[in-house]
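Chain residues, written in single-letter form:
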Amino acid sequence: MTKEEYLSKLNELLEKNQIPNKEEILEKYQKRFSIGEELGMSEQEIIEKLKSPEDVVNSYKNQGKIIVTEEKLASETDKIFISHFIPTSLKFNMIADNLTFIIDDTQKGIKIDFNDVRKEDYSIKISDKSIKVSFNPEISFIKHFRSGNLKIYLPKEKIEEIKINTTSSNIQFDYLNTNDFIVQGCSSNLKGDYLNTNTLKIKLISGSIDFNTIQANNLYFECVSSKGKINSANLNSLNFSSVSGSLEVNSGNVNTYKISSLSGALYLNGVRIRNN
């Protein structure tokens, strides 16, 4: 398929399905071809990155509709997603858009606000009481890229698992209550006031963590050069692995700890702990 064939097919399907703002949509995809060409991509490479004309039209047809219509598990509009249940697992596959978690007593499920990002770059999948939010842009718009912020409104009830896989997203929260909190990133910064969890696993290359209070059974922090600071922690076990990073736990109780580091440092209550 060539560029002209792609746009012609898209035009045909938009007309057939009576999608409003047809000219605006066509202009949007014409611009995506232009940007791809500026980046040195061939027409075929651009088309492989884009949704098919059928999928583009279906995405506009489905806007504002229930995602899982048979079970009515969730609904969405152009910028808001709302689940009508509390998931056991909440997963995010991100690149650079930031994540802010907010507790909202009025929520009976999960609400995700996409107002500060390009929602068309995201997909949301629901399966077995699990919600997975993935950043999967049709094309990488390097020249026009900026990071935005997703706001995730959570109920007070505990969520079994929150898992985040990202390149450089920053993650922020005032309060989180989850059985497992797992973050894997390259240069992310994590900042939180209070975290209550059974298992906290953080794996970073650079970036940082800055927590005020942690209540956890197990904390695993693996990094290359990240810096971590926890003001107060009550931990059953702490595992710290690093090349040149550091972790400071300023107060609280750590029953057992294990450290593996080349030139990094672990400090517990102001005392530097050596490899063991």
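Residues numbered from 1 in each chain as written. Predicted model: local features only at pLDDT ≥ 70, side-chain atom pairs only at ≥ 80, totals over all residues. Heavy atoms only, no water.

## Section: the confidence of the model for the protein chain
- Residues at a pLDDT of 70 or more form 92% of the protein chain, whose mean pLDDT is 88.
- Here residues 64-70 is a poorly scored stretch, pLDDT under 50, and it has 13 contacts once near neighbours within four places are set aside; other chains count.
- Counting interchain partners and residues more than four positions distant, the pLDDT-below-50 stretch residues 140-144 has eight contacts. (pLDDT = per-residue confidence, 0-100. Contact = heavy atoms within 4.5 Å.)

## Some thoughts on the nonpolar core
- With 53 residues, the main nonpolar core has Phe 101, Leu 150 and Ile 152 as its most contacted residues.
- For this core, the element with the most residues is strand β12 (residues 208-223), which contributes seven residues.
- Contact partners of Phe 101, with chain neighbours within four places excluded, come to Phe 92, Ile 152, Leu 154, Ile 162, Ile 164, Ile 171, Gln 172, Phe 173, Asp 174 and Leu 176.
- Counting residues in each nonpolar core, the second largest holds 15 residues, with Leu 7, Leu 13, Ile 46 and Ile 47 among its members. (Core = buried A, V, L, I, M, F, W, Y, C linked by side-chain atoms within 4.5 Å. Buried < 20%, exposed > 50% of the residue type's maximum accessible area, 1.4 Å probe, protein only. Helix = DSSP H or I, 4+ residues; strand = E, 2+ residues; numbered from the N terminus.)

## Describing the packing of helix α1 (residues 3-16) against helix α4 (residues 53-61)
- α4 packs onto α1 with a crossing angle of 35 degrees between their chain directions and a minimal axis gap of 9 Å. Viewed along their axes, α1 and α4 form a crossing whose handedness is right-handed. Across the interface between the two elements, Tyr 6, Lys 9, Leu 10, Leu 13 and Leu 14 from α1 touch Pro 53, Glu 54, Val 56 and Val 57 from α4.
- Of the residues that constitute the contact of α1 with α4, the class distribution is seven nonpolar, no polar and two charged. (Axes fitted to C-alpha atoms, helices over the stretch in contact; angles between N-to-C directions. Left-handed = near helix turned anticlockwise from the far one by under 90°. Nonpolar A, V, L, I, M, F, W, Y, C, P; charged D, E, K, R; others polar.)

## Quick notes on the pattern of salt bridges
- Under the counting rule described, the total for this entry stands at five salt bridges.
- For the salt bridge of Lys 191 with Asp 210, the shortest nitrogen-to-oxygen distance reads 3.3 Å. With Lys 191 in strand β11 (residues 189-203) and Asp 210 in strand β12, this residue pair connects regions lying 19 residues apart in the sequence.
- Of the residues examined, Lys 191 reaches a relative accessible area of 46% and is grouped as partly exposed.
- One continuous salt-bridge network, built from bridges that share partners, spans Glu 15, Lys 22 and Glu 23. (Salt bridge = Lys/Arg side-chain N within 4 Å of Asp/Glu carboxyl O.)

## Describing helix α2 (residues 22-38)
- Taking 1.5 Å per residue, 17 residues should reach 24 Å; α2 reaches 25 Å between its end C-alpha atoms and fits that length.
- All of the buried residues along α2 are Lys 22, Ile 25, Leu 26, Tyr 29, Arg 32, Phe 33, Ile 35 and Gly 36.
- Of the surrounding secondary structure, the elements contacted by the buried residues of α2 are α1, α3 (43-49) and α4.
- Positive phi appears at Gly 40, one or two residues downstream of α2, with a value of about 85 degrees. (Expected span 1.5 Å × (residues − 1).)

## What about the pairing of strand β8 (residues 149-154)?
- Within β8, five of the six residues are buried, leaving the element largely enclosed by the surrounding structure.
- Pairing between strand β4 (residues 98-103) and β8: six bridges, direction parallel. Residue Leu 99 lies in a different strand from β8, and its bridge partner there is Leu 150.
- Here strand β5 (residues 111-113) pairs with β8 via three bridges, running antiparallel. Bridge assignment links Asp 113 to a residue of β8, and that residue is Lys 151. (Pairing = 2+ DSSP bridges.)

## Remarks on the environment of Met 1
- Within the fold, Met 1 resides in the segment before α1.
- Considering only alpha carbons, one finds Met 1 and Glu 160, 159 residues apart in sequence, at a separation of 45 Å.
- Leaving out residues up to four positions away in the same chain, Met 1 has contacts with Tyr 6, Gln 44 and Ile 47.

## Topic: the packing of α1 against α2
- With their axes 10 Å apart at the nearest point, α1 and α2 run at an angle of 160 degrees to one another. Judged by the inter-axis angle, α1 sits roughly antiparallel to α2. Here α1 and α2 pass one another in a crossing that is right-handed. Between α1, through Lys 3, Tyr 6, Leu 7, Leu 10, Asn 11, Leu 14 and Glu 15, and α2, the contact on the second element is made entirely by Lys 22, Ile 25, Leu 26, Tyr 29, Gln 30, Phe 33 and Glu 37.
- Residue composition of the contact of α1 with α2, by class: eight nonpolar, two polar and four charged. (Parallel < 35°, antiparallel > 145°, perpendicular 65-115°, else oblique.)

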